[in-house]
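# An overview of the molecular structure
What follows is the residue order along each chain.
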Amino acid sequence: LIQLYLQLNALGFIYREIKRSLIDMEEMFSLLAEPKEISDAPGAPALVAADGGVVFEDVHFGYGPEREILKGVSFVVPPGKSLAIVGPSGAGKSTISRLLFRFYDVSRGRVLIDGQDVRGVTQASLRAAIGIVPQDTVLFNDTIYYNVAYGRPGAPREEVEAAARLARIHDFVVSLPDGYDTRVGERGLKLSGGEKQRVAIARTILKGPPILLFDEATSALDTQTEREIQISLREVAENRTTLMIAHRLSTVVDADEILVLDKGRVVERGRHAALLAAGGIYAGMWRRQQETAFLQAELAQAMAEE
Ligand code: ATP
């Protein structure tokens, strides 16, 4: 048992180290949204995002000239399909989502949505077409109702509640004494990470964008919460082009395509079963995650028996 405990402790340490180096995505996005050289091309039309098909075509990119972060990344996410991006910390996964939002321009190659280069359309229309569920949702200091309805201001109450139902948060909300009028955020009720993420999913369902970007939380969630988030995610991803930045491989098993990114290159791609059968990097990552899960279960059981 001591041995197990030591191993888990080491894992926990590594995990915390990795997590420390992560920056909350929403915060990162707002930082990146500061005025930059990125601006609308003169007379740029609005994006016509009908189906939301996404194409990355030989994309190269670096935050500065000295270091290339993406080194020729190509993929196609057909309308309504899902793509999961996995890989070690620093591989460039979040960078892909920032380029999709056009917080930066590619240095070579193209990013297309329904055949339109993101550099050729207005940023407002581009961002309206993409719904993001960030890792750590920051809620407004307002009611739960406001926080969900923000996805589409003025939406009728039935639709706000329907979105919350699909996101598996409605029952929890109505169980609170003040229901949807419960105040949340820093000065209100503290919601758990999983609850906050489900509020964000409800908001995105209400917004109804053709493209969904889901940045999975790195923090460990209990199995039940994780399962509920996966169910609500499946609801929102249905018939929507979905890009998932995945940290836990259990999220990606159903993806139409999985990209394994390493040091800015796609090193493997395919569906879960095929990648497992190939016995490469993905299969190794899967095995390690299974082992960790097994160790955790063993420890929990040993502690319960003591
Ligand atoms: P993680 O799983 O840890 O979130 P990631 O695969 O999403 O990692 P990215 O966030 O895309 O990785 O970062 C890829 C590389 O780009 C990292 O080496 C990172 O240090 C660097 N990087 C990220 N953002 C910036 C920035 N704003 N300026 C300079 N370098 C950056």
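Above this note sits the structure.
The notes below deal with the structure included here. Since the structure is predicted, the reported quantities are computational estimates derived from the model, not experimental observations.

## Re the overall build of the chain
Counting its secondary structure elements, the chain contains 11 helices and 10 strands. The burial tally for the chain puts 47% of its 306 residues in the buried class. When contacts within the chain are restricted to residue pairs at least 6 apart in sequence, those whose partners lie at least 24 apart make up 73%. Taken as a whole, the chain presents about 15,400 Å² of accessible surface, with 54% of it coming from carbon and sulfur.

## Quick look at helix α3 (residues 93–100)
α3 sits mainly inside the fold: 7 of its 8 residues count as buried. Of the residues trailing α3, Arg102 is marked for its positive phi of about 55 degrees.

## Structural notes on the pairing of strand β10 (residues 265–270)
Of the pairings in the sheet, the one linking strand β9 (residues 257–262) to β10 comprises 5 bridges and is antiparallel in character. Opposite Val260, over in β10, you have Glu268 as the bridge partner. Joining the antiparallel neighbours β9 and β10 is a turn of 2 residues, in which Lys263 adopts a positive phi near 45 degrees.

## Thoughts on the sheet that holds strand β5 (residues 116–117)
Pairing in this open sheet of 4 strands is antiparallel, and the strands run β2-β1-β4-β5 from one edge to the other. Each having just a single partner strand, β2 (70–77) and β5 make up the two edges of the open sheet. For strand β1 (residues 54–61) and β2, the ladder comprises 6 bridges, and the chain directions are antiparallel. In the strand pairing of β2, Phe56 is matched with Phe75. Each of β1, β2 and β4 (108–113) is contacted by α3, which is oriented at about 115 degrees to β1, the strand it contacts most.

## Considerations on the pattern of salt bridges
Two side chains with opposite charge may pair up if their charged atoms get near one another. Tallying each qualifying case throughout the model produces 10 salt bridges. One salt bridge connects Asp58 with Arg108, and the closest N-O pair in it is separated by 4.0 Å. Here Asp58 is found in strand β1, whereas its partner Arg108 is found in strand β4, with 50 residues between them in sequence. Assessed through its relative accessible area of 36%, Asp58 is described here as partly exposed.

## Describing the site of the ligand
Near the ligand lie 16 residues; those nearest to it are Arg67, Ser89, Gly90, Lys93 and Thr95. Take Gly90: an N or O atom from its main chain is 2.8 Å from an oxygen atom of the ligand. Residue Gly92 places a main-chain N or O atom 2.9 Å away from an oxygen atom belonging to the ligand. In isolation the ligand offers 640 Å² of accessible surface; the protein chains occlude 72% of this area. Here the shell around the ligand is built from residues that sort into 7 nonpolar, 6 polar and 3 charged.

## Brief notes about unusual backbone geometry
Of note, Arg102 is a non-glycine position whose phi angle comes to about 55 degrees, a positive value. If you trace the backbone, Arg102 turns up in the loop between α3 and β4. With phi around 60 degrees, Asn239 is a residue other than glycine that occupies positive phi space. Here Asn239 shows up in the loop between α9 (223–237) and β8 (241–245).

## Regarding the environment of Val184
In this structure, Val184 sits in the loop between α7 (170–175) and α8 (193–207). For Val184, a relative accessible area of 3% puts it in the buried group. Residues Val184 and Asn141, 43 residues apart in the sequence, show an inter-C-alpha distance of 5.7 Å. Beyond its immediate stretch of four places on either side in the chain, Val184 contacts Leu139, Phe140, Asn141, Asp142, Thr143, Ile144, Asn147, Leu189 and Leu191.

## Description of the environment of Glu257
Along the chain, the position of Glu257 falls in strand β9. Filtering out sequence-adjacent residues up to four positions away, Glu257 remains in contact with Val76, Ser82, Leu83, Ala84, Arg269 and Gly270. Reaching out from Glu257, the side chain makes a polar contact with the side chain of Arg269 at a distance of 3.3 Å.

## What about the environment of Thr122?
Mapped onto the secondary structure, Thr122 falls in the loop between β5 and α4 (123–128). Exposure remark for Thr122: the relative accessible area of 17% places this residue in the buried category. Distance in space between the C-alpha atoms of Thr122 and Leu47 is 6.8 Å, their sequence separation being 75 residues. Those residues in contact with Thr122 that lie beyond four places of it in its chain are Asp40, Ala44, Pro45 and Ala46. A polar side-chain atom of Thr122 sits 2.7 Å from a polar atom in the side chain of Ser125.

## Comments concerning the sheet that holds β8
Read from one edge of the open sheet, 6 strands run β6-β7-β8-β3-β9-β10, paired in mixed fashion. Both edges of this open sheet fall to β6 (130–133) and β10, since each of them pairs with a single strand only. Strand-to-strand twist in this sheet, taken as the mean axis angle between neighbours without regard to direction, amounts to 20 degrees. Both strand β3 (residues 82–86) and β8 contribute to a ladder of 4 bridges, which runs parallel. Across the sheet, residue Leu83 finds its bridge partner in β8, namely Leu243. Those strands touched by α3 are β3, β6, β7 (211–215), β8 and β9, and its axis lies near 145 degrees from that of β8.

Analysis parameters
- Residues numbered from 1 in each chain as written.
- Predicted model: local features only at pLDDT ≥ 70, side-chain atom pairs only at ≥ 80, totals over all residues.
- Heavy atoms only, no water.
- Helix = DSSP H or I, 4+ residues; strand = E, 2+ residues; numbered from the N terminus.
- Buried < 20%, exposed > 50% of the residue type's maximum accessible area, 1.4 Å probe, protein only.
- Contact = heavy atoms within 4.5 Å.
- Areas by Shrake-Rupley, 256 points an atom, 1.4 Å probe, with all protein chains shown as cover.
- Pairing = 2+ DSSP bridges.
- Axes fitted to C-alpha atoms, helices over the stretch in contact; angles between N-to-C directions.
- Salt bridge = Lys/Arg side-chain N within 4 Å of Asp/Glu carboxyl O.
- Near = heavy atom within 4 Å.
- Polar contact = N/O pair within 3.5 Å; in protein donor to acceptor, adjacent residues only side chain to side chain.
- Nonpolar A, V, L, I, M, F, W, Y, C, P; charged D, E, K, R; others polar.

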